[in-house]
Amino acid sequence: VRVIVALLPSKESTYVDDYERLFDGDYLENERVGYERLAQEAERAGAAVVDLTGAFRAHAGEKLYFEYDAHFNAAGQALAAQTLQPAVAAALAEE
């Protein structure tokens, strides 16, 4: 069974344009560097890696998280599933 590592974007990373107005500097640098390191280690171990950040940023005009916390709402869950589907299908085809 092939492991798939999904990199889930923070709410701040998804709505980066809104948060850049509130915070100085590159406040998302730690998230970016951490995701890069995790992806490298996962790939080195043979896992597939899917970073959902790009897909979520492309839909940043939509409400993808609950208003008062950082969890995906139904729309965010659907987008995550849609984005992960090709990797899941590929992993299943390998069996």
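Look above for the structure.
Residues numbered from 1 in each chain as written. Predicted model: local features only at pLDDT ≥ 70, side-chain atom pairs only at ≥ 80, totals over all residues. Heavy atoms only, no water.

Asks: Tell me what's going on with the nonpolar core, and back it up with residues and numbers.
Replies: Within the largest apolar cluster, 11 residues are counted, these being Y15, V50, L52, A55, F56, L64, Y65, F72, L79, A80 and A87. Among the secondary structure elements, those contributing two or more residues to this core are α4 (53–58) and α5 (74–93). Sorting elements by how many residues they give to this core places α5 first, with 3 residues. In this view, Y65 contacts P9, S10, K11, T14, Y15, F56, A70, H71, F72 and N73; residues no more than four positions away in its chain are not counted. Judged by nonpolar contacts, the second largest core, of 6 residues, contains V5, L7, Y35 and A47. (Core = buried A, V, L, I, M, F, W, Y, C linked by side-chain atoms within 4.5 Å. Buried < 20%, exposed > 50% of the residue type's maximum accessible area, 1.4 Å probe, protein only. Helix = DSSP H or I, 4+ residues; strand = E, 2+ residues; numbered from the N terminus. Contact = heavy atoms within 4.5 Å.)

Asks: Now, about the pairing of strand β1 (residues 4–7): what can you tell me, with residues and values included?
Replies: Because side chains alternate across β1, one face comprises the buried residues V5 and L7, and the other comprises I4 and A6, none of which is buried. Examined bridge by bridge, β1 and strand β2 (residues 48–51) share 4 bridges and lie parallel to one another. Pairing of A6 across the sheet is with V50, part of β2. (Pairing = 2+ DSSP bridges.)

Asks: So what's going on with α5? Residues and values would help.
Replies: End to end, α5 covers 28 Å across 20 residues, agreeing with the expected 28 Å (1.5 Å per residue, within 8%). The axis of α5 is deflected most strongly, by about 40°, at Q85, and proline P86 appears within four residues downstream. For α5, the set of buried residues is G76, L79, A80, A87 and A91. Residues of α5 that are buried in the fold lie against β1, β2 and α4. (Expected span 1.5 Å × (residues − 1). Bend = angle between axes of the 7 residues up to and from the residue.)

Asks: How would you explain the pattern of salt bridges if you had to name every residue and give the values?
Replies: One pass over the full model with this rule turns up 4 salt bridges. As a salt-bridge pair, E29 and R32 come within 2.4 Å of each other at their nearest N and O atoms. In this pair, E29 and R32 both sit in helix α3 (residues 29–44), 3 residues apart, roughly one turn of the helix. Note on E29: relative accessible area 26%, which makes it partly exposed. Accessibility expressed as a relative area gives 40% for R32, which makes it partly exposed. Among the salt bridges present, the one from R44 reaches E41, with a minimum N-O distance of 2.6 Å. A residue pair is termed a helical-turn pair when its members lie 3 or 4 positions apart in one helix, as R44 and E41 do in helix α3 at 3 residues. Bridged by salt links that share partners, the residues E29, R32 and E36 form one connected network. (Salt bridge = Lys/Arg side-chain N within 4 Å of Asp/Glu carboxyl O.)

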